[in-house]
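Letter by letter, the chains look like this.
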Amino acid sequence: MLIRKPSMIPSSEITPKEVYGNRRKFMAAAAATAGLAALTGERLVHPAVEVAAATKLPTVKSPLSTAGLTPTAYKDITTYNNFYEFGTDKGDPSRNAGHLQTYPWNVKVEGLVAKPQTFSIDELVKLRPQEERVYRFRCVEAWSMVIPWVGYSLSALIQQCQPLSSARYVQFLTLDDPRQMPEMSQVNINWPYSEGLRMDEAMHPLTLLTFGLYGETLPNQDGAPVRIVVPWKYGFKSAKSIVKIRFVAKQPPTTWNEMASNEYGFYSNVNPDVDHPRWSQKTERAIGAPIWKQRQPTLPFNGYGDQVASLYAGMDLKKNY
Ligand code: MTE
């Protein structure tokens, strides 16, 4: 897997749209060749797929970016991951996800929606200007990072599809392809990985449909080509490599809640006052921070309480963890 360490990219260096398009076509050609490898039933391996890993994404500044944070190093963000389809160790996704075919890629929008439709990844990328949003990211395992994501509010896509008034939740389903993800068989998860949000959470402007980080397309291990990021919730709510968005009337089943509902609630708002049954959530380890700054207090709603606490007015957040 090619991992480049991009610096923050000035707009003068941003790849023009035509070049981006050509790069995408090149990726399509590479993916088609890799498809031949698939006929042999082996893991998809083709060097050209690796070469196409990082493409610059033109971005605009966002008022929703969190000010005053120092982003975690690119290397840490891309080598310390949870992506169980590629293994359970933090280093497995960066070792094993390099050959995932992320182009062409479609996302199907279905369920209780006036305009069900399938978007190609190119259509999705172009739907709205890509914004750079620096967010805190808090994993339920009590570590955290600061990540300069690239994307736009999920609400833009939702509005385009016009959900029916009966749609109260949104479910995200991710790629389920054991041939490309052979490590899936090592864990006892009911695939595909599924996550969900209440409609008002999904429509909140902070909820990001995410295509990149550090000014480039997402590395495979971080959920290429498209994932969700919900900054006030534990990281597992942020489903990676999404292929389906489904509007539903009832709270959808979600992977970690199905695995252990006493440990992982549906809401999973970051909450220092509700411990995980096996560890405290009062503090977190900031990955990559200087040793004397690594242990930090965890903030309610991961620091986004001013923007999102009103979504939960009147709810007992100790019961609805
Ligand atoms: N999405 C899929 N498809 N599969 C996964 O295993 N892990 C989740 C979430 N999204 C996961 C997933 C968990 S537990 C976390 S903490 C975040 O992805 C990690 O995202 P990162 O590796 O980009 O930090």
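See the structure shown above.
Report follows, based on the coordinates. Since this is a predicted model, take the numbers as computed values, not measurements. (Residues numbered from 1 in each chain as written. Predicted model: local features only at pLDDT ≥ 70, side-chain atom pairs only at ≥ 80, totals over all residues. Heavy atoms only, no water.)

## With respect to the pairing of strand β12 (residues 283–286)
Consecutive side chains along a regular strand alternate between the two faces of the sheet. The alternating pattern of β12 places Glu 284 and Ala 286 on a buried face, while none of Thr 283 and Arg 285, on the opposite face, is buried. Inspection of the sheet shows β12 paired to strand β13 (residues 295–297) by three bridges, in the antiparallel sense. Pairing of Glu 284 across the sheet is with Gln 296, part of β13. (Buried < 20%, exposed > 50% of the residue type's maximum accessible area, 1.4 Å probe, protein only. Helix = DSSP H or I, 4+ residues; strand = E, 2+ residues; numbered from the N terminus. Pairing = 2+ DSSP bridges.)

## Thoughts on the pattern of salt bridges
Applying the stated criterion across every chain, the model contains ten salt bridges. For the salt bridge of Lys 108 with Glu 110, the shortest nitrogen-to-oxygen distance reads 3.4 Å. Residue Glu 110 is classed as buried on the basis of its relative accessible area, which comes to 15%. One salt bridge in this structure joins Arg 138 and Glu 284, with 3.0 Å as the shortest N-O distance. Linking Arg 138 in strand β4 (residues 131–138) with Glu 284 in strand β12, this pair joins segments that are 146 residues apart in sequence. (Salt bridge = Lys/Arg side-chain N within 4 Å of Asp/Glu carboxyl O.)

## Brief notes about unusual backbone geometry
That bond from Tyr 103 to Pro 104 is cis: its omega, -5 degrees, falls within 30 degrees of zero. Mapped onto the elements of the fold, Pro 104 is located in the loop between α4 (92–96) and β2 (106–111). Pro 225 follows Ala 224 through a cis peptide bond whose omega is -5 degrees. Its place among the elements puts Pro 225 in the loop between β9 (216–217) and β10 (227–229). Although it is not a glycine, Tyr 214 sits at a positive phi angle of roughly 50 degrees.

## Here's the deal with the side chain of Asn 81
Within the fold, Asn 81 resides in the loop between α3 (74–79) and α4. With sequence-adjacent residues up to four places away left out, Asn 81 is seen in contact with Asp 89, Lys 90, Pro 93, Gln 221, Asp 222 and Lys 240. (Contact = heavy atoms within 4.5 Å.)

## Examining the packing of aromatic side chains
A full pass over the atoms with the stated rule returns 14 aromatic pairs. Ring geometry for Tyr 152 against Phe 211: centres 5.5 Å apart, planes inclined by 35 degrees, an arrangement best described as tilted. Placement of Tyr 152 in strand β5 (residues 143–153) and of Phe 211 in strand β8 (residues 208–213) is noted, with a sequence separation of 59 residues between them. Judged by relative accessible area, which is 2%, Phe 211 ranks as buried. With centroids separated by 5.7 Å and ring planes inclined at 15 degrees, the aromatic side chains of Phe 301 and Tyr 312 adopt a geometry described as stacked. With Phe 301 in the loop between β13 and α9 (305–308) and Tyr 312 in the segment after α9, the pair connects residues that are eleven residues apart, well separated along the chain. Tyr 312 carries the same exposure label as Phe 301, and that label is buried. (Phe/Tyr/Trp six-rings, centres within 6.5 Å; stacked < 30°, edge-to-face > 60°.)

## Here we look at the site of the ligand
Taken together, 16 residues sit near the ligand, with Asn 81, Tyr 84, Glu 85, Arg 227 and Lys 240 positioned nearest. Backbone polar atom of Tyr 84 to an oxygen atom of the ligand: 2.8 Å apart, as the coordinates give it. In this structure, an oxygen atom belonging to the ligand sits 2.7 Å away from a side-chain N or O atom of Arg 227. Each residue belonging to the shell around the ligand can be placed in one class, and the counts come to seven nonpolar, five polar and four charged. (Near = heavy atom within 4 Å. Polar contact = N/O pair within 3.5 Å; in protein donor to acceptor, adjacent residues only side chain to side chain. Nonpolar A, V, L, I, M, F, W, Y, C, P; charged D, E, K, R; others polar.)

## What about the pairing of β8?
By the criterion of burial, β8 is predominantly enclosed, with six of the six residues buried. One ladder, built from five bridges, connects β5 with β8; its direction is antiparallel. Across the sheet, Trp 149 pairs through a bridge with Leu 213, a residue of β8. One ladder, built from three bridges, connects β8 with β10; its direction is antiparallel. Considered in β10, the bridge of Leu 209 is made with Ile 228. For β8 and β9, the ladder comprises two bridges, and the chain directions are antiparallel. Among the inter-strand pairings, Leu 213 is bridged to a residue of β9, identified as Glu 216.

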